[in-house]
Each structure stands twice: as C-alpha cells, then as structure tokens.
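Here are the chains, one letter per residue:
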Amino acid sequence: MTYGAVDLFCGVGGLTCGLKRAGLDVVAGYDIDESCKYPYEHNNDTRFIHKNIEDVSAIEIKRLLRGYDVKILAGCAPCQPFSRHQKDKKDRAKHKDWKLLYQFARLVKEVHPHIVSMENVPELAQEKVFKDFVKTLEEEKYHVTFKVVNAADYGVPQRRKRLLLLASKRKKINFIEPTHQSFVTVRDVIGELPPVVAGQQNDNDPLHIASALSKKNIERIQHSKPGGTWRDWPKTLVLECHKKDTGKSYSSVYGRMCWDDVAPTITTQFTGYGTGRFGHPVQDRAITLREGAIIQTFPPNYQFFENGREIVIKNVARQIGNAVPPRLGEIIGKSIIEHSKKRKYVRKSKNIDKERADIYAQKI
C-alpha cells in the first residue's frame, strides 16, 4: 500500500520529516514563508511550493497525489491567534491568520483526501473556527478523532501539549498509544554537546550558537538554580516588575532547565534567557539553536540555512519554535499506517505516476 501526503503550512519541515520517517511519501509542502524553502527541501528531498494557501487549488493537489493508494492532506495552521500567549484574546478573530483553518477546510472539501491530519495548540479546541472545521469534516462524511496529547508521552523531550486531529473517509481512526512510560530528558538529548559561551558559536556547527547576555544577566544566571526561579537571586538582581504583585506569578522566566527532566515547551523565543525557563542546566547561557532543534526532535544534522550565510538567531528560532516536532509527525504517520492496514483502500491506478507529479510540481 502506498501513502502520499501534501503538507500545508509546512514551514521548515518538522511534520514532513516525521511523516517520511514513519514511511509516508510527502510529495510537496506549501508555505507562504519563502525562507523555509532551503531547510525544507535540503533535509527532506521534497518539493517546497511558495504559495499563499488562499491561492492553492484542489486540482494541483489532486495531481500531486495522483496514483497513491492512500491520499493524505496534512497541516498545522499558524497557532499564534489561538495560543494562550496571545495578548489580545478578545480580538483573536481579527488576527491575520485566524481564517487559515477555513482555507484548510475548503481544500478538504475540494480534494476529498482519504485522510486529514491537523495539529495545533490545545486552546484552538474552544474556538468557533475549530468547531466549524470539525463540522465541515463530518458533513463530508469523515470519521473525526481529536485529542490533546503531551508530546513527552511519545518521546519528545519537552512538556508540550498539542491538539491532534485525524479524520478518515473509511472508518473511525485512532492515535497509537503513548510510546514512552518514562520521559526522554534534557540530559538524554543535549548532555553530550560541546560547551558554548554566551554570544559565541561552536566552530564545527554554526547552529550551535548562543545569544549574548548582558553583564547583569550573566550575574542573574549564575545565581539561578535548575528548576528554580528568580526568587533565588540576591535582591539587588531582581527586576522591578517582579517586585510588583502583577509580576510575582511569572516565576519561570529567567529560569534554568533541569538535566533529568523534560524541557519546557520550546517557543519561538527559546534562545532568550529572560523569556522562559530556557537557561542551560549548568552553562551560563540560554540554550543554543541546535539544542532547541534537538529538543524539538529534529535530527542533529538538520540544516536550517545554507553554509556561509549570516545567521539571524531570532529568525531561525522562530522557524524551530513554530515547527511540529518531527517525532510527533512520526506518531501521526504511524497512526495513519496502522489505521490503513485495518482497512483496504481501493487503488485507482496500478502504478504511481510520481514522475508526472514531480514534473507538475515544478510548474506550480
């Protein structure tokens, strides 16, 4: 049985990497951010199509998926409008990315894939746009399953809760059971990486680079304990905002990770010591881009930029933090394969017309 997938909102390829690892053939990824093209194509040997989802047509996706036994439409629409970190919660619907899930639903209606996969933040489940998405799937005769999972239960070394959805045209589809009874820890995945000083990078790996720290923040991190808070600092180092009642609850900022625990959720600002518990367990700095990528379960040699190009830390951190952890993508892929094995899919052609699909993709 052959599995063909198209990845909407593909970014640098976290979901694609995981789906391919599970055994699915991801024939193309779509994204509006052209800076994702190099890492997506270089690491996944898959076509990147720079396009706004509003301009993506059903006919092009159908041609890309032509010949596969099981056709899959997958994607993680930008989560910023729905995140609990969104400051203006009352006006979420005004966010520029709010309606992207409706475009996803449009393509499902027009393409009629066998399987639909969607991943996002748990808060999305409470929003009308998600309920409308599920309603559309059910009206199109899909069997829909969705749940909030902790990625750590599947081997991702971070405390990352995500809303996962799978829908099948054939029958009810389920996610595979958690794969890890004990968590993969920070020590397990980055404990052997060479040390790096704040503001410097490793000579052999340009991605192993740490943001610079001010003299004051160097003092603060030197007084920070793994798993502790800024309350461990001398009073002379405590920020004025933390002395106010409104700031006392923000105990995780300026914190260190613990070696023998999972990391916190990797956000787009994980290279900043003051934006969360992103301090290295023992080195006086925030974690590097490479460490963040590995905690996101990207392969240790995953390249995010071409050799010789200047690194803009905040841009690469955004790409890594926005990505679906490849390990979670692998779990989604394995769930699809397990489901498909239990149900015979009808082949519409004897041979996969992949060469024609590749030629068409080059014209898009």
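Now for a quick tour of the structure. (Residues numbered from 1 in each chain as written. Predicted model: local features only at pLDDT ≥ 70, side-chain atom pairs only at ≥ 80, totals over all residues. Heavy atoms only, no water.)

### Description of the nonpolar core
Reasoning step 1: Counting 57 residues, the largest nonpolar core has Leu 24, Ile 72, Met 257, Phe 270, Leu 289 and Phe 304 as its most contacted members.
Reasoning step 2: Taken together, the elements giving at least two residues each to this core come down to β1 (3–8), α1 (14–22), β4 (70–75), β7 (161–168), α6 (186–190), α9 (289–295), α10 (313–322) and α11 (326–341).
Reasoning step 3: If you tally residues by element for this core, the top one is α11, at 5 residues.
Reasoning step 4: In contact with Phe 270, other than residues within four places in its own chain, are Phe 278, Ala 286, Ile 287, Thr 288, Leu 289, Gly 292, Ala 317, Ile 320 and Gly 321.
Reasoning step 5: Val 27, Leu 64, Met 118 and Leu 124 belong to the second largest nonpolar core, which has 37 residues in total. (Core = buried A, V, L, I, M, F, W, Y, C linked by side-chain atoms within 4.5 Å. Buried < 20%, exposed > 50% of the residue type's maximum accessible area, 1.4 Å probe, protein only. Helix = DSSP H or I, 4+ residues; strand = E, 2+ residues; numbered from the N terminus. Contact = heavy atoms within 4.5 Å.)

### Comments concerning the pattern of salt bridges
Reasoning step 1: One pass over the structure, following the stated rule, counts 15 salt bridges.
Reasoning step 2: When the shortest N-O distance is used, the salt bridge between Glu 60 and Lys 51 registers 3.0 Å.
Reasoning step 3: Take Glu 60: its relative accessible area is 4%, and that puts it in the buried class.
Reasoning step 4: Judged by its relative accessible area of 23%, Lys 51 is partly exposed.
Reasoning step 5: Among the salt bridges present, the one from Arg 290 reaches Asp 205, with a minimum N-O distance of 2.7 Å. Here Arg 290, found in helix α9, pairs with Asp 205, found in the loop between α6 and α7 (215–222); they are 85 residues apart in sequence, far enough to count as distant. There is no split in this pair, since Arg 290 and Asp 205 are both buried.
Reasoning step 6: One network of salt bridges, with partners in common, ties together Arg 21, Arg 327, Glu 330 and Lys 334. (Salt bridge = Lys/Arg side-chain N within 4 Å of Asp/Glu carboxyl O.)

### Here's the deal with α7
Reasoning step 1: What α7 keeps buried is the set Asn 217, Arg 220 and Ile 221. Mapping the buried residues of α7 onto a view down its axis gives an arc of 90 degrees, with all of them on the same face. (Arc of directions from axis to C-beta.)

### Let's talk about helix α5 (residues 128–139)
Reasoning step 1: Taking 1.5 Å of rise per residue, the 12 residues of α5 would be expected to cover 16 Å, and the 16 Å separating its terminal C-alpha atoms lies within 8% of that figure.
Reasoning step 2: Every buried residue of α5 is listed here: Val 129, Phe 130, Asp 132, Phe 133, Val 134, Thr 136 and Leu 137. (Expected span 1.5 Å × (residues − 1).)

### Re the state of the cysteines
Reasoning step 1: Scanning the entire structure with this criterion turns up 0 disulfides.
Reasoning step 2: In this model Cys 36 remains outside any disulfide bridge; the closest cysteine sulfur is found in Cys 10, 6.7 Å from its own. (Disulfide = S-S within 2.5 Å.)

### Looking at unusual backbone geometry
Reasoning step 1: For Phe 9, which is not glycine, the phi dihedral falls at a positive 55 degrees.
Reasoning step 2: Notably, Asp 45 is not glycine yet its phi reads approximately 50 degrees, a positive angle.
Reasoning step 3: The class for Asp 45 is exposed, based on a relative accessible area of 71%.

### Quick word on the pairing of strand β2 (residues 25–31)
Reasoning step 1: Among the 7 residues that make up β2, 6 are buried, leaving the element largely enclosed by the rest of the structure.
Reasoning step 2: Pairing geometry for β1 and β2, over 5 bridges, is parallel. Looking across to β2, one finds that Gly 4 is bridged to Asp 25.
Reasoning step 3: Viewed along the sheet, the connection from β1 through α1 into β2 turns out right-handed.
Reasoning step 4: In the classification by handedness, the crossover that spans β2, the intervening helix α2 (residues 37–44) and the parallel strand β3 (residues 47–50) is right-handed. (Pairing = 2+ DSSP bridges. Right-handed = clockwise from strand over helix to strand, strands pointing away.)

### Some words on the pairing of β3
Reasoning step 1: When β2 meets β3, the two strands line up parallel, connected through 4 bridges. Across the sheet, residue Asp 31 finds its bridge partner in β3, namely His 50.

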